[in-house]
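# Chain and residue survey
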Amino acid sequence: MPTVLITGATSGLGRHVAFELVRSGYVVLAHGRDRARTDRLVGELRAEGGEAHGFVADLASLAQVRRLGEEVAAAHPRLEVLVNNAGVGSGARGAGREVSADGHELRLAVNYLAPVALTRALLPTLRASAPSRVVNVGSVGQEPVDFGDPELTRGYSGVSAYCRSKFALAAHTFALAEELTGSGVAVNVLHPATYMDTAMVREAGVTPWSTVADGAAGVLALATQELGTGGYFDGTSPSRAHGETYDRDVWKRLAAVTDQLLGS
């Protein structure tokens, strides 16, 4: 049975994907930020007749992200799929700039730095488990990173912060996919669906347009099917991300900023 780690699995899209995969025979490693909610989810998944295990970490802390990677790798030497799903939305309208436990702008930290750090921590396991897949849950909302102010300390906007974090995630996906060519590890990014019925969307004051089931279709396709690597998908359809996410100079500048912010 293949094993999948899903971050942000206790609600919304991640929860729906967890149930679909455990019903399909996957061993589901469910990540959550809250111990009680994570344990409850694991119990519900096991009630479906499948195998599930819970892992708890606050992805706003890079130390906890790295610990999560270490714990997963130690407990599960085979990992066929990593779904980087957890994220922070644009926030309530008019909300101010927030920072992570490490002092980084919160959306950049959770939506970008955390999946990068977690993927790096689990790459040896993913390589050893090849063919394997990394599915990055992005967004059609993408805005180029200002490399002169990557943490958006000037003219802060929650929407811009969110869109910049998702731009960075897409660009990183394409660079990593190229780096891993021939390794058997496929890396793709997708916009699952527009304004799904999630707490993130409701917090932003937006009326949902689609369901989490709508968004899950693309995630499940990338998690379970051979769909190449280095791709961007709108739902289940191959699409194109922001043009600058394919720029190799952007990749290099982003890598340098990323290593600096991660302290690596």
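Criteria and thresholds
Residues numbered from 1 in each chain as written. Predicted model: local features only at pLDDT ≥ 70, side-chain atom pairs only at ≥ 80, totals over all residues. Heavy atoms only, no water. Buried < 20%, exposed > 50% of the residue type's maximum accessible area, 1.4 Å probe, protein only. Helix = DSSP H or I, 4+ residues; strand = E, 2+ residues; numbered from the N terminus. Pairing = 2+ DSSP bridges. Right-handed = clockwise from strand over helix to strand, strands pointing away. Contact = heavy atoms within 4.5 Å. Axes fitted to C-alpha atoms, helices over the stretch in contact; angles between N-to-C directions. Salt bridge = Lys/Arg side-chain N within 4 Å of Asp/Glu carboxyl O. Expected span 1.5 Å × (residues − 1). Arc of directions from axis to C-beta. Core = buried A, V, L, I, M, F, W, Y, C linked by side-chain atoms within 4.5 Å.

## Quick notes on the pairing of strand β2 (residues 27-32)
- The element β2 is largely enclosed, with a buried count of 6 among its 6 residues.
- Neither face of β2 is exposed, since Val27, Leu29 and His31 on one face and Val28, Ala30 and Gly32 on the opposite face are all buried.
- The pairing of strand β1 (residues 3-6) with β2 spans 4 bridges and is classified as parallel. Residue Ile6 lies in a different strand from β2, and its bridge partner there is Ala30.
- After leaving β1, the chain enters helix α1 (residues 12-23) and then returns to the sheet as β2, a path that is right-handed.
- Where β2 meets strand β3 (residues 52-56), 5 bridges bridge the pair, whose relative direction is parallel. Directly across from Leu29, in β3, lies its bridge partner His53.

## Some words on the side chain of Asn85
- On the secondary structure map, Asn85 appears in the loop between β4 (81-84) and α4 (106-128).
- Classification of Asn85 by relative accessible area gives buried; the value is 13%.
- With sequence-adjacent residues up to four places away left out, Asn85 is seen in contact with Ile6, Thr7, Gly8, Leu13, Gly14 and Val137.

## Comments concerning the sheet that holds strand β5 (residues 132-137)
- Strand order in the open sheet formed by 8 strands is β3-β2-β1-β4-β5-β6-β7-β8, and the pairing between neighbours is mixed. A single partner strand is all that each edge strand has here, and the edge strands are β3 and β8 (237-239). Within this sheet the neighbouring strands show an average axis-to-axis angle of 25°, counted without direction.
- As paired elements, β4 and β5 share 4 bridges and run parallel to each other. Its bridge partner lying in β5, Val83 is registered against Val135.
- Sheet strands touched by α1: β1, β2 and β5. Its angle to β1, the strand with the most contacts, is close to 170°.
- Strand contacts of helix α3 (residues 62-75): β1, β2 and β3, with the helix running at about 155° to β3, the strand carrying the most contacts.

## Concerning the pairing of β1
- Neither face of β1 is exposed, since Thr3 and Leu5 on one face and Val4 and Ile6 on the opposite face are all buried.
- Direction of pairing for β1 relative to β4: parallel, over a ladder of 3 bridges. Bridge pairing in β4 links Leu5 to Leu82.

## So, the pattern of salt bridges
- On inspection of all chains with the given rule, the structure shows 11 salt bridges.
- Residue Arg67 pairs with Glu71 through a salt bridge whose shortest N-O separation is 3.2 Å. Remark: Glu71 and Arg67 occur in helix α3; sequence separation between them is 4 residues, near one turn of the helix.
- Among the salt bridges present, the one from Glu98 reaches Arg107, with a minimum N-O distance of 3.1 Å.
- Exposure remark for Arg107: the relative accessible area of 3% places this residue in the buried category.
- Three or more residues are tied together by salt bridges with common partners; here these are Glu20, Arg23 and Glu48.

## Observations concerning helix α2 (residues 35-47)
- Helix length check: α2 (13 residues) gives 18 Å between terminal C-alpha atoms against 18 Å at 1.5 Å per residue, within 8%.
- Restricting attention to buried positions, one finds in α2 the residues Thr38, Leu41, Val42 and Leu45. Down the axis of α2, the smallest arc covering the buried residues is 100°, so these residues share one side.
- Gly49 sits one or two positions beyond α2 and adopts a positive phi of about 95°.

## Details of the nonpolar core
- Counting 50 residues, the largest nonpolar core has Leu5, Leu59, Val72, Tyr112, Leu122 and Leu126 as its most contacted members.
- Contributions of two or more residues to this core are made by β2, α3, α4, α5 (158-179), β6 (185-191) and α8 (248-262).
- Ranked by the residues each element gives to this core, the list is headed by α4, at 12 residues.
- Those residues within four positions of Val72 in sequence are excluded, and the remaining contacts are Leu5, Leu29, Phe55, Leu79 and Leu122.
- Listed in part, the 27 residues of the second largest apolar core include Val4, Val137, Val219 and Phe233.

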